[in-house]
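Letter by letter, the chains look like this.
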Amino acid sequence: TDRQTDRQTDRQTDRQDNCLSLFRLLAAFQVLLGHVIKHLDIPVSETFEKAVGYFQGVPIFFALSGYLIWLSIKRSRSIKDYIRRRFLRIYPELWVAVAVEIIVMLLLYHDWKIKDLAAFIFGQATILQFWTPNSLRGYGCGTPNGSLWTIGIIIQFYIIIWFLYKFLHNKKLSIWIICWVGSVAISIGINRMLISFAPEVVLKLFGQTFLRYLWLFAIGCFFAEFQGKLLIHAKKFWWIFLLISIVLYAGGLDIDAGYSVITSFFLFAGILGAAYCYPKLNLKNDISYGIYLYHMIVVNAMITWGMTGKVFYIFIVVLVSSLLAWTSAKIVKKDFLIRRKI
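Note that this is a predicted model, so its numbers are computed, not measured.

J.: Teacher, can you tell me more about the overall build of the protein chain here?
T.: If you tally the helices and strands in the protein chain, you get 14 helices and zero strands. What you see in the protein chain, going N to C, is helices and strands ordered as α-α-α-α-α-α-α-α-α-α-α-α-α-α. Compactness check: the protein chain gives a C-alpha radius of gyration of 20 Å against a globular reference of 20 Å for 342 residues, within 12% of the reference. Element-wise, carbon and sulfur atoms account for 67% of the exposed surface of the protein chain, whose accessible area totals about 17200 Å².

The following block contains the structure:
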């Protein structure tokens, strides 16, 4: 029954009977590598750069968020409990990272304006991380921490998913397929319409809404809703799903809706299956969020110091970012996890 499936799902999640934390970390390092190669002008082969681009971190994060949040809603006692959990998951570590970001920038860059700086700090600490005032464009690569653009989208998803859960939970597979195809069509359709008729700024703002990427979150929600049936196949054929995603990526055979639609689906299916096949690879200390928060702070500081163009700099970014992420997980995240009594 559905209730038995829900209880089984909760037990699996509570036991950490998977290594999803490992794949979150790999996704975070993919984002890091992509940014380091681009912004520090690291000379790498085209083959290496293409290989790094296959395991796309942002689609993995979004799909994993959909999967885990769908399961989390099942365990939430109330909407108040749900909001509290989501708030404490995102903001304590974010605020500390923003403080570090501002301190480093003020030490290395001096052409800022006080009003712009105040507005920028507010945006970084809330849901407007994608916005950077002109007076700060001269620092680093032009955005003090541009990788944070996804946080606003994730917050929007956290809000909308509560209501989508009430609508889609226990619905038939056909309803889910219609909704998912519709979300892909909305993403592509609105984007093309804006390209044709709207100013560029409107197009960019649409790229900061959940509508552009709802289909990605929905992939994870879909696997969470039908976990009892789908996980068996995902565990059995995970390597086939990953192979299909590699072929699609290499051949460029896909539909673009911000990211590659079919490739992302099979990539997540393969990751999910592999994660439940090899639970012993689970990481006790998940520093993926910290890697995501801190790596561009390190990259921008290195740009300011003229540290570009050498492969060795990749290891510096990885080392410093990992140290900051580990400290954040040990001090900030651990403290608030205790407060949440999780």
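J.: What exactly am I supposed to notice about a nonpolar patch on the surface here?
T.: Among the surface-exposed residues, F122, I127, L128, F130, W131, V201, V202 and L205 lie close enough to one another that they form a single nonpolar patch of about 700 Å² accessible area. With three residues, helix 9 (residues 200-206) is the single largest residue contributor to the nonpolar patch. As for its position among the elements, W131 is in the loop between helix 6 (114-125) and helix 7 (149-168).

J.: Even after reading the chapter, I still don't get the packing of aromatic side chains, so can you show me in this structure?
T.: The way to describe two aromatic rings as a pair is by their centre distance and the angle between their planes. In total, this model carries 27 aromatic pairs according to the counting rule given. Plain terms: the ring middles of Y91 and W95 are 5.5 Å apart, the flat faces sit at 40° to each other, and that makes the pair tilted. You can see Y91 and its partner W95 sitting in helix 5 (residues 79-108), four residues apart, about one turn around the helix. Its relative accessible area of 9% is what places Y91 among the buried residues. Ring centres of W180 and F265 lie 6.1 Å apart, and the angle between their planes is 55°; this geometry places the pair in the tilted category. Placement of the pair is W180 in helix 8 (residues 173-197) and F265 in helix 12 (residues 261-277), with a sequence separation of 85 residues.

J.: Help me understand the pattern of salt bridges in this model?
T.: A side chain of one charge can pair with a side chain of the opposite charge if their charged atoms are brought near each other. Within the structure shown, the criterion is met by three salt bridges. Across the pair D81 and R85 runs a salt bridge, and its minimum N-O distance is 3.2 Å. With D81 and R85 both in helix 5 and four residues apart, this pair spans about one turn of that helix.

J.: Please explain the state of the cysteines as it appears in this structure.
T.: Here a disulfide denotes a covalent bond joining the sulfur atom of one cysteine to the sulfur atom of another. Applying the stated criterion to the full structure yields zero disulfides. With no disulfide of its own, C19 lies 9.1 Å from the sulfur of C277, the closest cysteine sulfur. C221 forms no disulfide, and the closest cysteine sulfur to it belongs to C179, at a distance of 11 Å.

J.: Looking at this model, I keep getting lost on the nonpolar core. Mind explaining?
T.: Looking at soluble globular proteins, one finds that nonpolar side chains tend to be buried together. Counting 93 residues, the largest nonpolar core has Y67, I151 and L293 as its most contacted members. With residues near it in sequence (within four places) discarded, Y67 still touches L20, G220, C221, F223, A224, Q227, F268, L272 and Y276.

J.: Is there a simple way to explain the side chain of S65 in this structure?
T.: By the secondary structure assignment, S65 is in helix 4 (residues 57-75). Taking relative accessible area as the criterion, S65 reaches 14% and is therefore assigned buried. In this structure S65 touches W70, F157 and F217, once residues within four positions along its chain are discounted.

J.: Sorry if this is basic, but what is going on with the packing of helix 4 against helix 12 here?
T.: Contact pair helix 4 / helix 12: the axes reach a minimum separation of 10 Å and the direction vectors enclose 60°. Helix 12 is crossed by helix 4, and the crossing has right-handed handedness. Facing P59, I60, A63, L64 and Y67 of helix 4, the residues of helix 12 in contact are S264, L267, F268, I271, L272 and Y276. Considering only residue class, the contact of helix 4 with helix 12 consists of ten nonpolar, one polar and no charged.

J.: What is the right way to look at helix 2 (residues 20-39) in this model?
T.: In this model, helix 2 (20 residues) spans 29 Å end to end at C-alpha, consistent with the 28 Å of a helix rising 1.5 Å per residue. Every buried residue belonging to helix 2 is among L20, S21, F23, R24, L25, A27, A28, Q30, V31, L32, V36 and I37, and all of these are buried.

J.: Can you help me understand the environment of F61 in this one?
T.: The residue F61 is located in helix 4 in this model. Between the C-alpha atom of F61 and that of L25, which follows or precedes it by 36 residues, the distance is 9.9 Å. Apart from residues lying up to four places away in sequence, F61 is in contact with R24, A27 and A28.

J.: Sorry if this is basic, but what is going on with unusual backbone geometry here?
T.: Peptide bonds are, in most cases, trans, and in most cases residues other than glycine have a negative phi. Here the phi dihedral of D41 falls at roughly 50°; this positive angle occurs in a residue that is not glycine. Here D41 is to be found in the loop between helix 2 and helix 3 (46-54). According to the relative accessible area criterion, D41 is exposed, its value standing at 53%. Its identity is not glycine, yet N170 carries a phi of approximately 70°, on the positive side. Among the structural elements, N170 can be located in the loop between helix 7 and helix 8. The partly exposed category is assigned to N170, whose relative accessible area is 45%.

What counts as what
Residues numbered from 1 in each chain as written. Predicted model: local features only at pLDDT ≥ 70, side-chain atom pairs only at ≥ 80, totals over all residues. Heavy atoms only, no water. Helix = DSSP H or I, 4+ residues; strand = E, 2+ residues; numbered from the N terminus. Rg over C-alpha atoms; globule rule 2.2 N^0.38 Å. Areas by Shrake-Rupley, 256 points an atom, 1.4 Å probe, with all protein chains shown as cover. Patch = residues over 30% accessible without salt bridge, like charges linked within 9 Å, V, L, I, M, F, W, Y side chains within 5 Å. Salt bridge = Lys/Arg side-chain N within 4 Å of Asp/Glu carboxyl O. Phe/Tyr/Trp six-rings, centres within 6.5 Å; stacked < 30°, edge-to-face > 60°. Buried < 20%, exposed > 50% of the residue type's maximum accessible area, 1.4 Å probe, protein only. Disulfide = S-S within 2.5 Å. Core = buried A, V, L, I, M, F, W, Y, C linked by side-chain atoms within 4.5 Å. Contact = heavy atoms within 4.5 Å. Axes fitted to C-alpha atoms, helices over the stretch in contact; angles between N-to-C directions. Left-handed = near helix turned anticlockwise from the far one by under 90°. Nonpolar A, V, L, I, M, F, W, Y, C, P; charged D, E, K, R; others polar. Expected span 1.5 Å × (residues − 1).

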